[in-house]
Amino acid sequence: MRRVTLTQFLIEQQRKGLMGADLRLLMEVVARAVKAIAVNVSKGALAGVLGEAGSDNVQGEAQKKLDVIANDILIQANEWGGHLAAMASEEVEEIQPISSDYPKGGYLLLFDPLDGSSNIDVNISVGTIFSVLRSPEGSQTATEADFMQPGTAQVAAGYSVYGPSTQLILTVGDGVHGFTLDREMGSFIYTNPYMTIPEDTKEYAINASNERFWEAPIQRYVNELKAGTEGPRGKDFNTRWVASMVADVHRILTRGGVFMYPLDSKMKDKGGKLRLMYEANPMALIVEAAGGAATTGRERILDIQPTKLHQRVPVVLGSRNEVELVTRYHLEG
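Here goes a summary of the coordinates provided. None of the values given here were measured: they were computed from a predicted structure.

1. Observations regarding empty space enclosed by the protein
Empty space among the atoms becomes visible once a probe the size of a water molecule is rolled across them. In this structure the tally under the stated criterion is two cavities of 30 Å³ or more. Approximately 40 Å³ is the volume found for the largest cavity. Together, L110, S131, L133, Q149, P150, G151, Q154, M277 and N281 line the largest cavity. Where the lining of the largest cavity is concerned, the elements lending two or more residues are β6 (126-134) and α6 (276-289). Per-class residue counts for the lining of the largest cavity are four nonpolar, five polar and no charged.

2. Let's talk about the nonpolar core
Core analysis: the biggest nonpolar cluster contains 42 residues, and L23, M27, V132 and L168 have the highest contact counts within it. With eleven residues, helix α2 (residues 21-43) is the single largest residue contributor to this core. Beyond its immediate sequence surroundings of up to four residues, L168 is in contact with L6, A31, V34, F130, Y159, S160, H177, G178, F179 and F188. Grouped together as the second largest cluster of nonpolar side chains are 32 residues, I129, Y159, M195 and F259 included.

3. Let's talk about the pattern of salt bridges
According to the stated counting rule, one finds 16 salt bridges in the structure shown. A salt bridge links R3 to D182; its shortest N-O distance comes to 2.6 Å. Placement of R3 in the segment before α1 (6-15) and of D182 in strand β9 (residues 177-182) is noted, with a sequence separation of 179 residues between them. According to the relative accessible area criterion, R3 is partly exposed, its value standing at 47%. Across the pair R240 and E203 runs a salt bridge, and its minimum N-O distance is 4.0 Å. One end of the pair, R240, is in the loop between β12 (238-239) and α5 (245-255); the other, E203, is in strand β11 (residues 203-205), and 37 residues separate them in sequence. Residues joined by salt bridges that share partners form a network here, namely E203, R240, D248, R251 and R255.

4. Brief notes about the sheet that holds strand β13 (residues 258-261)
If you trace the five strands from one edge of the open sheet to the other, you get β12-β11-β13-β17-β15, paired in mixed fashion. Pairing within the sheet leaves two strands with one partner each, and these edge strands are β12 and β15 (293-295). One ladder, built from two bridges, connects β11 with β12; its direction is parallel. Within the sheet, the bridge partner assigned to Y204 lies in β12 and is T239.

5. Things to note about the pairing of strand β7 (residues 156-162)
Across the seven residues that make up β7, a large majority, seven, are buried. Side-chain alternation along β7 places A156, G158, S160 and Y162 on one buried face and A157, Y159 and V161 on a second face that is also buried. Here β6 pairs with β7 via seven bridges, running antiparallel. Within β7, the position partnered with V132 by the bridge is A156.

6. Brief notes about the pairing of strand β17 (residues 315-318)
With burial as the criterion, each face of β17 is covered, one bearing V315 and L317 and the other bearing V316 and G318. Both β13 and β17 contribute to a ladder of four bridges, which runs antiparallel. By the bridge assignment, F259 is partnered in β17 with L317. The sheet contact formed by β15 and β17 spans three bridges and is antiparallel. Residue pairing across strands places A294 opposite L317, the latter belonging to β17.

What counts and how
- Per chain, residue numbering runs from 1 following the sequence as it is written.
- With the structure being a predicted model, the display of local features is reserved for residues of pLDDT at least 70 and the display and counting of side-chain atom pairs for 80 or more, all residues being used for whole-chain, interface and lining totals.
- No hydrogens and no water enter the side-chain calculation; it runs on all heavy atoms of the structure.
- The definitions used throughout rest on a 1 Å grid laid over the protein atoms alone, on which a cavity is an enclosed set of points accommodating a 1.4 Å probe that cannot get out and a pocket is an open set flanked by protein within 12 Å on both sides along at least five of seven lines; lining residues are those having an atom within 4 Å of a point.
- Grid points are joined across faces, edges and corners, and a volume is the space filled by probe spheres set on the points.
- Helix numbering and strand numbering both begin at the N terminus, where a helix is a DSSP run of H or I of at least 4 residues and a strand a DSSP run of E of at least 2.
- Residues were grouped as follows: Ala, Val, Leu, Ile, Met, Phe, Trp, Tyr, Cys and Pro as nonpolar; Asp, Glu, Lys and Arg as charged; and all remaining residues, including Gly, as polar.
- Residues grouped as a nonpolar core are buried Ala, Val, Leu, Ile, Met, Phe, Trp, Tyr and Cys residues, joined through side-chain atoms within 4.5 Å.
- A simple rule labels every residue: compare its accessible area, found with a 1.4 Å probe on the protein chains alone, to the largest value its type can have, and call it buried under 20%, exposed over 50%, or partly exposed in between.
- The contact criterion used throughout is that any non-hydrogen atoms of two residues lie within 4.5 Å.
- Salt bridge, as used here, is a side-chain nitrogen of Lys or Arg placed within 4 Å of a carboxyl oxygen of Asp or Glu.
- When DSSP finds two or more bridges between two strands, those strands count as paired.

These values are about where atoms sit, not about what they do.
In structure tokens form, the structure reads like this:
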């Protein structure tokens, strides 16, 4: 059986007219950064990269050493290639325009360098999430306003999972495609073509410890699931919660399910838990491209017009029929 590499796949996408050369090369640079992050994650305690860095990110959360390392790897890999006008990281308050020392390109890159990093010290899967936007035409020097584009404007999005194997999941406008890192060859191999999410599921993922803070529609929905065959849904559901978004979404992309980080009274003043630009938008693009759905509980995530770089939103995504039911309960009040 012929093994197709990520580079070969991207060239085919370019030949089909789904991407230009600059976007293809940008995806390859991101993939190289992912491989470098995977090496650091896999070494763990052997490389002294576990534990806290002694600093906080822009959200006031304690940074892990690997948060900082992954952030630096992505910036250094992408700043010189000539494909970007600017970058934005969940870990840094302000955007990073490309230095005048390097050529500039027509794209904007946003990323969460190490999603789920609170799990890194206990050897649970973590990952990297990224999103690509076009830089507005006529923009000479990139500004934060250039990034204020709805999720529908994304030209590509993806994530990696650093687990028993390192996988890279991409969408560039024609379905969702998965690649697995061959560690001996150093190449991503095309292993999961046209990944799809079943419309129905018997699995849900939510942080049950927040139940007392949930709004009534989520209380109603989860109680119905817990009632199982004797309840209104007439079937048993299983709970799956990794507390690493990439791991939970990857499971859903592989076999279905619904992931929820809803609005609750604890996070209401912040607008939600997850970041629109670094987590919700790229994951929503991937989930929708795989046949699923992604909403805040009240509106489609990809339709939200951002107002600030580190904006937070509630997230409900996964198997379409479940997401639509959760959304209907919210809209009914």
